[in-house]
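Each chain, written out:
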Amino acid sequence: MFNLFVVDWIAVAILFCIGLYTMVAAKNMLRILIGYEIMTKGVTLALITAGSVNGKIAFSQALAITVIVIEVVFIAIALAIVIITQKTKRSLDVRKLTNFKG
Amino acid sequence: MELHLLILIGLLVVPAILAAFAMDLLRAAMALLVSSLGLALIMFNLGAPLAGSFELSVGAGLITVLFVNAISLTRLISEEERLERAKDHYQRFAILPLLAIALGVLMYLRQDFWATGLSFVKHTETQTVGEILWQSRGLDLIGQIVIIMVGVYGVAILFRRGKQDNV
């Protein structure tokens, strides 16, 4: 029969691998951020599952809330950079972002 | 284990695969929204309602709004360019569903290898989430406030620079 811990950790591994693959394989900056989002979902699920199995669910909730706050701030700044890059370079292709002056 | 938790995990994983696989970015953002919804429901199911409601409001709500906003501000591409990109995209991401299924099946079949050695001590918690955040993890809270302020300042600076560059 299925076990909560096993099934949840399989989901965590799948989410993390999908996110990582998307971040590596994608050329579009928005798609790279979608990969990051998928990875973060895996991490949040891992925290909550670990807390549920150990009986420390309140502690894991506190950590999950911290992860979600960091995630949304990162996404907000990254999307602002994406919009400005789109305005200046007229493209979201990461391969075209190699000739910046700095 | 109950069937409904399996369905919820499906609701989390399948839209996540679709979000990575979809060519259309708006569809990918919507799939991400459904995936966040699945994660929030799993959190409620595992006894984490605060994190679940936070994920629902921030992960499913705010982040989707930010993504849709960013997508709406990007340039439209021509039909020929879209077809060319779609071919390249599906070639690169065709492996993704297979990778997810293979990983899931492999991990399920070899769970004796990675899951049996792990032992868990069932703790009894005395503190609530609020007490943990304000007392034992108070530093995290200060970090969160600093990160939010840095985020707001960063976005404001970036958009101001973007406006100056446009003028």
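Computed from a predicted structure; not experimentally measured.

**Section: the packing of aromatic side chains**
Consideration 1: Inspection of every chain in the model, using the stated rule, returns 3 aromatic pairs over all chains.
Consideration 2: When the ring of A:Tyr36 is compared with that of A:Phe74, the centres are 4.3 Å apart and the planes differ by 50°; the resulting orientation is tilted. One end of the pair, A:Tyr36, is in helix H2 (residues 29-54); the other, A:Phe74, is in helix H3 (residues 57-89), with 38 residues separating them in the sequence.
Consideration 3: Assessed through its relative accessible area of 19%, A:Tyr36 is described here as buried.
Consideration 4: Seen from their ring centres, B:Phe21 and B:Tyr90 are 5.5 Å apart, and the 50° between their planes marks the pair as tilted. Taken as a pair, B:Phe21 in helix H1 (residues 3-21) and B:Tyr90 in helix H4 (residues 79-93) lie far apart in primary sequence, 69 residues in all.
Consideration 5: With relative accessibility at 26%, the residue B:Phe21 sits in the partly exposed group.
Consideration 6: When the ring centre of A:Phe59 is taken as reference, the NZ or CZ atom of A:Lys56 above it lies at 5.7 Å.

**Quick notes on H1(B)**
Along an α-helix, residues three or four apart share an orientation, since each turn contains 3.6 residues.
Consideration 1: The end-to-end C-alpha distance of H1(B) is 27 Å, a good match for the 27 Å that 19 residues give at a rise of 1.5 Å each.
Consideration 2: Along H1(B), the residues that are buried comprise B:Leu5, B:Leu8, B:Ile9, B:Leu12, B:Val13, B:Pro15, B:Ala16, B:Ile17, B:Ala19 and B:Ala20.
Consideration 3: Against the buried residues of H1(B) lie helix H1 (4-25) and H2 of chain A together with helix H2 (25-45), H4 and helix H5 (95-109) of chain B.

About the cut-offs
- Residues numbered from 1 in each chain as written.
- Chains lettered and ligands numbered in written order.
- Predicted model: local features only at pLDDT ≥ 70, side-chain atom pairs only at ≥ 80, totals over all residues.
- Heavy atoms only, no water.
- Phe/Tyr/Trp six-rings, centres within 6.5 Å; stacked < 30°, edge-to-face > 60°.
- Helix = DSSP H or I, 4+ residues; strand = E, 2+ residues; numbered from the N terminus.
- Buried < 20%, exposed > 50% of the residue type's maximum accessible area, 1.4 Å probe, protein only.
- Lys NZ or Arg CZ within 6 Å of the ring centre and 35° of its normal.
- Expected span 1.5 Å × (residues − 1).
- Contact = heavy atoms within 4.5 Å.

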